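# Tertiary structure, described
Single-letter residue listing:
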Amino acid sequence: GAVVSQHPSWVICKSGTSVKIECRSLDFQATTMFWYRQFPKQSLMLMATSNEGSKATYEQGVEKDKFLINHASLTLSTLTVTSAHPEDSSFYICSARSETQYFGPGTRLLVL
Amino acid sequence: QQQVKQSPQSLIVQKGGISIINCAYENTAFDYFPWYQQFPGKGPALLIAIRPDVSEKKEGRFTISFNKSAKQFSLHIMDSQPGDSATYFCAAVEGFNTDKLIFGTGTRLQVFP
């Protein structure tokens, strides 16, 4: 079946630093990937749609300069949280589209 | 604006019982309705999905019932097991090519032995 991986699975960083999260489709090519954010005991909120070879489409209220998305190949999309602050601490989940969306295992970010 | 409403927020069921989670939507342009299962600290996994031209879909112990006129759909888990304890999200997609998933608020299911 379609497998999506994320790296790292968890990261702790200091406030003001940047963190990069990778999302890979392991056994299929995905022209479209999605990035979600999930707070504890809440639903998934779509942050942006990542299209291979073009700029990402951000949802309303998501700062594109803070959450940089790069979809460099058909199997890799990256999310970089720039100048991270404690309020950016969350669970970040990516998905990749095959015949439907397949989700990665998530990355837990803690900003101190 | 909550486009997909989900209830209940939490559900406790005894082993062997039936778990029922309900969702309702307003946007008649939605044409694909998946259900996801999420365990703590993990990403959601697709459980089962339905299109509005079908009123029911069954896969093993999991059944989706769809009522297009009422704009409601529900997930039934038969013979619920402790391993089913997880958070369940319904979702809707407007036009398959857009792929933009609109998630419900989630239901935390606990199945006790």
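For the structure, see preceding data.
These remarks concern the structure in this document.

Conventions used here
Residues numbered from 1 in each chain as written. Chains lettered and ligands numbered in written order. Predicted model: local features only at pLDDT ≥ 70, side-chain atom pairs only at ≥ 80, totals over all residues. Heavy atoms only, no water. Pairing = 2+ DSSP bridges. Helix = DSSP H or I, 4+ residues; strand = E, 2+ residues; numbered from the N terminus. Axes fitted to C-alpha atoms, helices over the stretch in contact; angles between N-to-C directions. Salt bridge = Lys/Arg side-chain N within 4 Å of Asp/Glu carboxyl O. Buried < 20%, exposed > 50% of the residue type's maximum accessible area, 1.4 Å probe, protein only. Disulfide = S-S within 2.5 Å. Contact = heavy atoms within 4.5 Å. Polar contact = N/O pair within 3.5 Å; in protein donor to acceptor, adjacent residues only side chain to side chain. Phe/Tyr/Trp six-rings, centres within 6.5 Å; stacked < 30°, edge-to-face > 60°.

In a beta sheet, neighbouring strands are held together by backbone hydrogen bonds and run either parallel or antiparallel to one another. Residue and element names in this part refer to chain B. The five strands are arranged 1-3-8-7-6 in an open sheet whose pairing can be described as antiparallel. The open sheet is flanked by strand 1 (4-7) and strand 6 (56-59), the only strands paired with a single partner. Taken over all neighbouring pairs, the strand axes of this sheet differ in orientation by 15° on average, direction set aside. Pairing geometry for strand 7 (residues 62-67) and strand 8 (residues 72-77), over six bridges, is antiparallel. From the neighbouring strand, asparagine 67 faces strand 8, where its bridge partner is glutamine 72.

To continue, consider the pattern of salt bridges. Under the defined criterion, the tally for this structure stands at six salt bridges over all chains. For A:Glu59, the salt bridge is made with B:Lys100, and the minimal N-O distance between the two is 2.9 Å. With A:Glu59 in the loop between strand 6 (57-58) and strand 7 (67-73) and B:Lys100 in the loop between strand 9 (86-94) and strand 10 (101-103), the pair connects residues from two separate chains. Take B:Lys100: its relative accessible area is 33%, and that puts it in the partly exposed class. Among the salt bridges present, the one from B:Lys71 reaches B:Glu26, with a minimum N-O distance of 3.7 Å.

Residue and element names in this part refer to chain A. Read across the sheet, four strands follow the order 1-3-8-7 without closing on themselves; strand pairing throughout is antiparallel. A strand with exactly one partner marks an edge of an open sheet, and here the two such strands are strand 1 (4-7) and strand 7. Adjacent strand axes in the sheet meet at a mean angle of 15° when their direction is disregarded. The sheet contact formed by strand 3 (residues 19-25) and strand 8 (residues 76-81) spans six bridges and is antiparallel. Paired with arginine 24 across the bridge in strand 8 is leucine 76.

Residue and element names in this part refer to chain A. Only one face of strand 2 (residues 10-13) is covered, namely the face carrying Val11 and Cys13; the face carrying Trp10 and Ile12 is uncovered. The pairing of strand 2 with strand 11 (residues 107-111) spans four bridges and is parallel. Looking at the pairing, valine 11 lines up with leucine 109 of strand 11.

Turning our eyes to something else, we now look at the state of the cysteines. Under the counting rule described, the total for this entry stands at two disulfides over all chains. B:Cys23 shares a disulfide with B:Cys90; S-S distance 1.9 Å. The chirality of the disulfide connecting B:Cys23 with B:Cys90 is left-handed, given an S-S dihedral of about -100°. With B:Cys23 in strand 3 (residues 19-25) and B:Cys90 in strand 9, this residue pair connects regions lying 67 residues apart in the sequence. Here B:Cys23 matches B:Cys90 in class, with each residue buried. As a non-bridged cysteine, A:Cys13 has A:Cys94 as the owner of its nearest cysteine sulfur, 18 Å distant. Its relative accessible area of 9% is what places A:Cys13 among the buried residues.

What follows covers the interface of chain A and chain B. Often, the extent of an interface is quoted as the loss of accessible area on bringing the components together. Taken together, the contact pairs 18 residues of chain A with 18 residues of chain B. Counting across the chain A and chain B interface gives one salt bridge. Joining chain A to chain B, the criterion identifies five residue pairs in polar contact (both at pLDDT 80 or more). For the side of chain A that touches chain B, the secondary structure elements donating two or more residues are strand 4 (32-38), strand 5 (44-51), strand 9 (90-97) and strand 10 (101-103) of chain A.

This paragraph deals with the packing of aromatic side chains. Residue and element names in this part refer to chain B. Under the counting rule described, the total for this entry stands at 16 aromatic pairs over all chains. Relative to phenylalanine 103, the ring of phenylalanine 89 has its centre 6.1 Å away and its plane inclined at 85°; by these criteria the two rings are edge-to-face. You can see phenylalanine 89 sitting in strand 9 and its partner phenylalanine 103 sitting in strand 10, a full 14 residues away along the chain. Owing to a relative accessible area of 1%, phenylalanine 89 belongs among the buried residues under this scheme.

Let us now look at the pairing of strand 3 of chain A. All names here are of chain A. Of the two faces of strand 3, only the one carrying Val19, Ile21, Cys23 and Ser25 is buried; Lys20, Glu22 and Arg24 on the other face are not. The sheet contact formed by strand 1 and strand 3 spans four bridges and is antiparallel. Of the residues in strand 3, the one forming a bridge with valine 4 is serine 25.

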